Amino acid sequence: QMCIRDRIMTISETGNLNVGQGLFIKSNALVVNPQTANVGIGTVMPNAKLQVVGGDVAITTQGNGIILRATDGTNCFRLTVNNTGAISTTPVTCP
């Protein structure tokens, strides 16, 4: 089920989905706030670029992980975990 609040949904010639005033799928299952560009899963008021409420985020492809930018510079690193739970970082190009 998809609800569009107060706006018309259009699909452009290039296949882009355009929705004014936010995108809501299955109530609070997925919300895109058009003012902040924040995305919420399980919340209608996401307070971060991606906020997940009521569940985990799973990255199940080996070698993939979470990419973070260094707090004191411009470098980015991919965080991964091995089978014993040891966390490692690998330098990557920043997205």
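The shown structure was predicted, so the numbers you read here are calculated from the model rather than taken from an experiment. (Residues numbered from 1 in each chain as written. Predicted model: local features only at pLDDT ≥ 70, side-chain atom pairs only at ≥ 80, totals over all residues. Heavy atoms only, no water.)

Enquirer: Give a detailed account of unusual backbone geometry, specifying residues and quantitative values.
Expert: The phi angle at Ala 37 is positive, at roughly 65°, despite the residue not being glycine. A relative accessible area of 47% means that Ala 37 is categorised as partly exposed. (Buried < 20%, exposed > 50% of the residue type's maximum accessible area, 1.4 Å probe, protein only.)

Enquirer: Could you give an account of the pairing of strand S10 (residues 87-92), naming the residues involved and the relevant values?
Expert: Among the 6 residues in S10, 0 count as buried, and that is only a small part of the element. Pairing of strand S9 (residues 76-81) with S10, which is carried by 6 bridges, proceeds in the antiparallel orientation. Pairing of Arg 78 across the sheet is with Thr 90, part of S10. Counting the residues in the hairpin turn of S9 and S10 gives 5 residues, including Gly 85, whose phi is positive at 95°. (Helix = DSSP H or I, 4+ residues; strand = E, 2+ residues; numbered from the N terminus. Pairing = 2+ DSSP bridges.)

Enquirer: Give a detailed account of the environment of Val 53, specifying residues and quantitative values.
Expert: Mapped onto the fold, Val 53 is located in the loop between strand S7 (50-52) and strand S8 (66-69). With a relative accessible area of 40%, Val 53 lands in the partly exposed category. Separated by 12 residues in the primary sequence, Val 53 and Ile 41 place their C-alpha atoms 6.3 Å from one another. Contact partners of Val 53, with chain neighbours within four places excluded, come to Ile 41, Gly 42 and Thr 43. (Contact = heavy atoms within 4.5 Å.)

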